[in-house]
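Summary of the model geometry
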Amino acid sequence: MTYYSGFLLAVPTANKQKYVDMATSAWPMFKRYGALRMVETWGADVPHGKVTDFYMATQAKEDETIVFSWIEWPDKATADSGFERMMSDPEMQSPPEMPFDGMRMIWGGFEPIFDDKA
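Below: a short report on this structure.

Reading the values: the criteria
Residues numbered from 1 in each chain as written. Predicted model: local features only at pLDDT ≥ 70, side-chain atom pairs only at ≥ 80, totals over all residues. Heavy atoms only, no water. Helix = DSSP H or I, 4+ residues; strand = E, 2+ residues; numbered from the N terminus. Expected span 1.5 Å × (residues − 1). Buried < 20%, exposed > 50% of the residue type's maximum accessible area, 1.4 Å probe, protein only. Arc of directions from axis to C-beta. Phe/Tyr/Trp six-rings, centres within 6.5 Å; stacked < 30°, edge-to-face > 60°. Salt bridge = Lys/Arg side-chain N within 4 Å of Asp/Glu carboxyl O.

What follows is about helix 3 (residues 76-87). Since one α-helical turn is 3.6 residues long, residues separated by three or four positions face the same way. Its 12 residues give helix 3 an end-to-end C-alpha distance of 17 Å, which sits within 8% of 16 Å, the value for a rise of 1.5 Å per residue. Those residues of helix 3 that sit buried are Ala-79, Gly-82 and Met-86. Across the axial projection of helix 3, the buried residues extend over an arc of 65°, all falling on one side. For helix 3, the exposed residues set more than 90 degrees away from the buried face come down to Ala-77, Glu-84 and Met-87.

Taken as a whole and assessed by the stated rule, the structure comprises five aromatic pairs. Consider the rings of Phe-30 and Trp-73, whose centres lie 6.4 Å apart with planes at 70°: the pair is edge-to-face. Linking Phe-30 in helix 1 (residues 16-32) with Trp-73 in strand 3 (residues 64-73), this pair joins segments that are 43 residues apart in sequence. What makes Phe-30 buried here is its relative accessible area of 13%.

In this structure the tally under the stated criterion is four salt bridges. One salt bridge connects Arg-32 with Asp-89, and the closest N-O pair in it is separated by 3.2 Å. Taken together, the residues Arg-32 in helix 1 and Asp-89 in the loop between helix 3 and helix 4 (90-93) connect sequence positions 57 residues apart. By relative accessible area, which is 43% here, Arg-32 ends up partly exposed. The salt bridge partner of Asp-80 is Lys-76, with a shortest N-O separation of 2.7 Å. You can see Asp-80 and its partner Lys-76 sitting in helix 3, four residues apart, about one turn around the helix. Classification of Lys-76 as partly exposed rests on a relative accessible area of 37%.

Attention shifts here to the environment of Gly-102. Tracing the backbone shows Gly-102 in the loop between helix 4 and strand 4 (106-110). Owing to a relative accessible area of 37%, Gly-102 belongs among the partly exposed residues under this scheme. Once the C-alpha coordinates of Gly-102 and Glu-40 are considered, the two residues, 62 residues apart in sequence, prove to be 16 Å apart.

Next up, the structure:
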């Protein structure tokens, strides 16, 4: 069953191109380890809530934009194996500087419960 790794983070707006470059350069490695698709989205219409919202969840600052992304895998086993193998990949031993605060990134694995296309 298809499996998704989801990510939510706040990126300094001034670092948008650095983030795009980082994501673009990461895709070949994810693909090499079995990922089927990677989607990176830049917040365009992300409302502020009264009780909770993406900004509060990521502790976003005034000069940061919310990024929501996911990686599609054929199944959970491939995702788990891919992430494990990536951790020992020489590319990961000296990763590029992250254009965001990784301590505020939220991530998790998800199994679809509904999937349809128009």
